[in-house]
Amino acid sequence: LKYCEVAFAELGKIRTPWKDHYDLTLRLHRVRADVELALGNFDVGCELVDEVCQNSRSVTDSIPTIISKSEALARQNKAAESIAVTLQPLQSTRMVPKRGVIWTIMKDLMWIKMYFRNHTNGEVLSLPLLTEPKYYASMDLMNQVITQALLVGSMTDWLICTMKSIRMTLKHGICKHSALAFTFLSILSLAQNDQKGAKRFADLAIAILKQTNSEGSGGFVYCVCAVTIYRWSEPFTKCLSLFRTAYFASMERGDLQNGFITMFTSIMYSYFDGYPVDKINRAMKMLIDEKELYKEKSNMCAIKHCGSGPSMLLGETPIDWEEFASFGDTVESIMAVDTSGNAEPITDEKEKLYPLIHGHCARLWMCILFSNFAVGEILVNKLHKLNFQDDPSYELQTIVPMYTGLVAAGRYRETKQRAHLSMLRRMCKLSQKLWKTKGQSCMGRALIIRAEWKSLKTPAKDWRRVKLAYDMAIAVSTEGGEPFKSCGHAHEAALACELAGNYFVTVQQHGLAKQYFTSALHYYQKWGATVKIDHFKKQHRNNINWNRLRQLTVASMQSGVGSGGSVPVVRFIGRSNDAASDHDDDLAYSLLYEDSLQSSKPPHQVGGGGTSIDHGPGNKSVDGGGSSLDHDHADDDDDDVSVLSDMS
């Protein structure tokens with residue numbers, strides 16, 4: 001910055017620098033604007049950007065500086081303004097239409113589909129490199145719009161820019177910016193239940209990065225491919241590897257926003273995949289410290305809402321049911337999570353989406369764990385009014401149906417209202433559709449709410465059929481298939497065991513209930529949710545086999561299976577000593593942990609190793625064996641929720 005100030009002092013001695021020394025003046029303004037914005041001096045940086053836009057001789061000359069301003073606005077949590085700044089030059093040069101946007105999207109999508117019916121990936125990769133400065137700069141701008149539009153759920157903006165980027169690539173040649181466009185085309189294909197097409201375009205995006213030697217600038221591409229495409233059908237370990245690549249690619253080029261988004265995503269997915277709560281909580285705190293250190297404010301409220309879950313489970317934050325019920329009613333309730341005052345106020349409706357979604361999901365999970373289904377129903381009703389379906393990420397698309405189904409089942413038991421049973425059935429069907437059309441990774445969650453449906457619809461005398469349903473859900477949630485072996489969904493296995501125990505109490509099978517409650521406590525202890533563990537012990541103290549619990553704990557420690565290990569997140573580049581001092585070496589952050597990066601094959605069947613669950617005599621082992629689930633005894637009510645009937 002000091003060098004820039006000296007250069008500007010000398011430049012000020014020239015009466016008309018933009019006229020006499022245009023190229024030099026342009027470069028100096030670009031450099032200083034970038035430096036000021038990177039240091040968080042947004043007012044000074046934006047003034048320099050405006051001066052460049054006023055004095056540049058062409059839109060192409062001003063584009064790099066416009067992008068710097070757009071990224072700075074995004075870091076201030078002003079994504080809507082960021083999109084507007086970037087769209088303006090695209091619309092002024094007619095690269096993106098101002099009117100008839102929906103019609104243009106549909107027309108371009110039909111053209112793109114026809115193209116890929118007649119051309120292979122190899123033919124696309126053999127296209128020449130894009131060298132025309134006008135089109136290259138436009139692709140850069142559209143990439144910025146696509147990135148920010150996804151983060152605030154502005155679907156029209158990211159669709160039009162994706163379509164135009166794809167058409168420009170196929171007509172004029174490929175470049176590093178083409179990769180992001182193909183990534184979003186893969187998301188669109190997955191939304192249309194075209195899993196094969198989605199995988200094709202995601203692979204093509206990564207291949208373009210390699211072919212154009214742009215892997216260092218493809219951080220957002222790797223991250224989006226992991227959370228929206230590969231997680232549906234690939235092992236979690238592959239996603240962790242992509243997170244690591246994405247993080248270093250973003251941070252090494254100074255892309256703080258995408259670097260921190262990748263970090264947040266890796267922590268959030270680890271939390272949802274059953275890693276120990278205390279380590280997740282510490283990792284989330286470190287992320288927030290780093291964002292505040294770099295004055296990077298984007299998505300801060302969403303991150304803190306997601307981090308509130310582990311904090312509540314460890315007793316650091318109290319569980320306030322009244323606050324849960326009123327959450328999201330006002331902007332103040334969304335912003336209340338930020339006690340530091342560093343988050344920018346939410347002024348645009350689009351910017352509310354992700355804080356609301358993460359806030360509702362974090363609170364909804366607490367309602368399910370502590371059986372407060374009345375408050376859970378309020379949160380579910382609010383959540384379903386949001387456009388969460390526009391978020392293509394695996395976790396959100398799979399946990400919302402599971403949470404909704406579990407709340408519906410709990411409310412039906414309390415009120416006996418048929419509307420709740422109908423909601424549970426719809427969620428079963430939705431989970432079945434997700435599993436069949438998008439990938440097998442969500443199988444465990446589909447099986448949990450299927451078991452709940454069975455428990456409500458099956459006569460008490462046929463409790464063995466319900467037991468089989470719960471056993472299958474527990475098996476898949478622990479280590480029944482490849483996607484789950486890396487860490488084991490201990491939290492979901494614990495919940496399934498607890499639900500099974502509650503069911504067997506109602507059908508007077510107290511011996512079985514005691515076995516399931518014992519297993520539930522064992523899984524909760526592995527997960528490390530201390531508040532839930534204490535609550536569970538008080539609620540079911542007389543229904544726990546303490547000797548059996550000790551045996552399970554010793555066996556788990558000896559085998560190391562399902563222990564969760566360290567949180568698979570990455571080291572922050574340039575972390576200050578003060579920020580690092582509060583965290584011990586257990587969170588080394590040097591790389592994604594290698595014990596979570598062992599290679600594994602994509603899932604093809606459940607229980608390839610003959611996984612079984614020991615809940616006492618009379619149990620059946622769960623073995624994929626290439627066969628389907630047992631539906632020989634299915635009743636008429638099972639017709640519309642016969643999930644996994646062709647699992648093999």
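Residues numbered from 1 in each chain as written. Predicted model: local features only at pLDDT ≥ 70, side-chain atom pairs only at ≥ 80, totals over all residues. Heavy atoms only, no water.

A. Quick look at the overall build of the protein. A count of helices and strands for the protein gives 31 helices and 0 strands. Buried residues in the protein amount to 58% of all 648 residues. For the protein, contacts bridging at least 24 residues in sequence account for 72% of all contacts bridging at least 6. (Helix = DSSP H or I, 4+ residues; strand = E, 2+ residues; numbered from the N terminus. Buried < 20%, exposed > 50% of the residue type's maximum accessible area, 1.4 Å probe, protein only. Contact = heavy atoms within 4.5 Å.)

B. Representation of the side chain of Ser-178 within the structure. By the element assignment, Ser-178 lies in helix H11 (residues 178-191). At 2.8 Å, the side chain of Ser-178 and the side chain of Thr-169 are in polar contact. Setting aside residues no more than four positions away along its own chain, Ser-178 makes contact with Met-139, Thr-169, Gly-173 and Ile-208. (Polar contact = N/O pair within 3.5 Å; in protein donor to acceptor, adjacent residues only side chain to side chain.)

C. Quick peek at the side chain of Gln-144. For Gln-144, the position within the fold is in helix H9 (residues 133-152). Reaching out from Gln-144, the side chain makes a polar contact with the side chain of Ser-70 at a distance of 3.1 Å.

D. Region of the structure containing the pattern of salt bridges. For the coordinates displayed, the defined rule picks out 18 salt bridges. In this structure, Asp-203 and Lys-199 form a salt bridge, with 3.1 Å as the shortest nitrogen-oxygen distance. Remark: Lys-199 and Asp-203 occur in helix H12 (residues 195-211); sequence separation between them is 4 residues, near one turn of the helix. In this structure, the salt-bridge partner of Arg-445 is Glu-492, at a minimum N-O distance of 2.7 Å. (Salt bridge = Lys/Arg side-chain N within 4 Å of Asp/Glu carboxyl O.)

E. View of the packing of aromatic side chains. On inspection of all chains with the given rule, the structure shows 21 aromatic pairs. Between the aromatic rings of Phe-184 and Phe-220, the centroid separation amounts to 6.5 Å while the plane-to-plane angle is 25°, which identifies the pairing as stacked. Here Phe-220 lies in helix H13 (residues 219-228) and Phe-184 lies in helix H11, a separation of 36 residues in the sequence. Using a relative accessible area of 0% as the deciding quantity, one classes Phe-184 as buried. On the accessibility criterion, Phe-220 (8% relative accessible area) is buried. Site record: aromatic cluster; members linked through ring pairs are Trp-111, Tyr-115, Phe-116, Phe-182 and Phe-201. Over the face of the ring belonging to Trp-111 we find Arg-167, whose NZ or CZ atom lies 4.2 Å from the ring centre. The ring of Phe-370 has Lys-532 sitting right over it, with the charged end atom 5.6 Å from the ring centre. (Phe/Tyr/Trp six-rings, centres within 6.5 Å; stacked < 30°, edge-to-face > 60°. Lys NZ or Arg CZ within 6 Å of the ring centre and 35° of its normal.)

F. Main features of unusual backbone geometry. Phi at Asn-213 takes a positive value of approximately 55°, unusual for a residue other than glycine. Within the fold, Asn-213 resides in the loop between H12 and H13. Within the chain, Ser-371 stands out as a residue other than glycine whose phi angle is a positive 60°. Mapped onto the fold, Ser-371 is located in the loop between helix H20 (353-369) and helix H21 (373-383).

G. Structural context of the packing of H13 against helix H15 (residues 256-272). Viewed as axis vectors pointing N to C, H13 and H15 meet at an angle of 25°, and their least axial separation amounts to 10 Å. Here H13 lies roughly parallel to H15, going by the angle between them. Of the two possible hands of crossing, H13 and H15 adopt the one that is left-handed. Within the contact between the two elements, H13 uses Phe-220, Cys-223 and Val-227 and H15 uses Asn-258, Thr-262, Thr-265 and Tyr-269. Of the residues in the contact of H13 with H15, the class split is 4 nonpolar, 3 polar and no charged. (Axes fitted to C-alpha atoms, helices over the stretch in contact; angles between N-to-C directions. Parallel < 35°, antiparallel > 145°, perpendicular 65-115°, else oblique. Left-handed = near helix turned anticlockwise from the far one by under 90°. Nonpolar A, V, L, I, M, F, W, Y, C, P; charged D, E, K, R; others polar.)

H. Layout of the nonpolar core. Ranked by size, the top nonpolar core spans 171 residues in total, and within it Phe-116, Phe-182 and Trp-527 carry the most contacts. With 11 residues, the single largest contributor to this core is helix H22 (residues 394-415). If we skip the residues at most four places from it in the chain, Phe-116 touches Val-124, Leu-170, Phe-182, Leu-185, Arg-200, Phe-201 and Leu-204. Counting residues in hydrophobic clusters, the runner-up holds 10 residues, among them Leu-28, Leu-37, Val-49 and Ala-72. (Core = buried A, V, L, I, M, F, W, Y, C linked by side-chain atoms within 4.5 Å.)

I. Structural detail: helix H27 (residues 490-506). In this model H27 runs 25 Å from its N-terminal to its C-terminal C-alpha over 17 residues, within 8% of the 24 Å that 1.5 Å per residue would give. Counting buried positions over the 17 residues of H27 gives 14, a clear majority of the element. (Expected span 1.5 Å × (residues − 1).)

J. Structural context of the environment of Leu-468. Looking at where Leu-468 falls in the secondary structure, it is placed in helix H25 (residues 463-478). For Leu-468, a relative accessible area of 28% gives the class partly exposed. Between the C-alpha atoms of Leu-468 and Ala-451, which are 17 residues apart in sequence, the distance is 8.5 Å.

K. Summary view of the environment of Leu-369. One can find Leu-369 in helix H20. For Leu-369 and His-535, which are 166 residues apart along the polypeptide, the C-alpha to C-alpha distance reads 9.7 Å. If sequence neighbours within four positions are ignored, Leu-369 has contacts with Leu-313, Tyr-524, Trp-527 and Lys-532.

L. Quick look at the packing of H11 against H12. Remark: H11 packs on H12, axes separated minimally by 7 Å, with the N-to-C direction vectors making an angle of 170°. Considering the angle they form, H11 stands roughly antiparallel to H12. Where H11 approaches H12, its residues Ser-178, Ala-179, Phe-182, Thr-183, Leu-185, Ser-186, Ser-189 and Leu-190 are matched on the opposing element by Gln-195, Gly-197, Ala-198, Phe-201, Ala-202, Leu-204, Ala-205, Ile-208 and Leu-209. Looking at the contact of H11 with H12 residue by residue, the class counts come to 11 nonpolar, 6 polar and no charged.

All quantities given are derived from atomic positions and should not be read as evidence of function.
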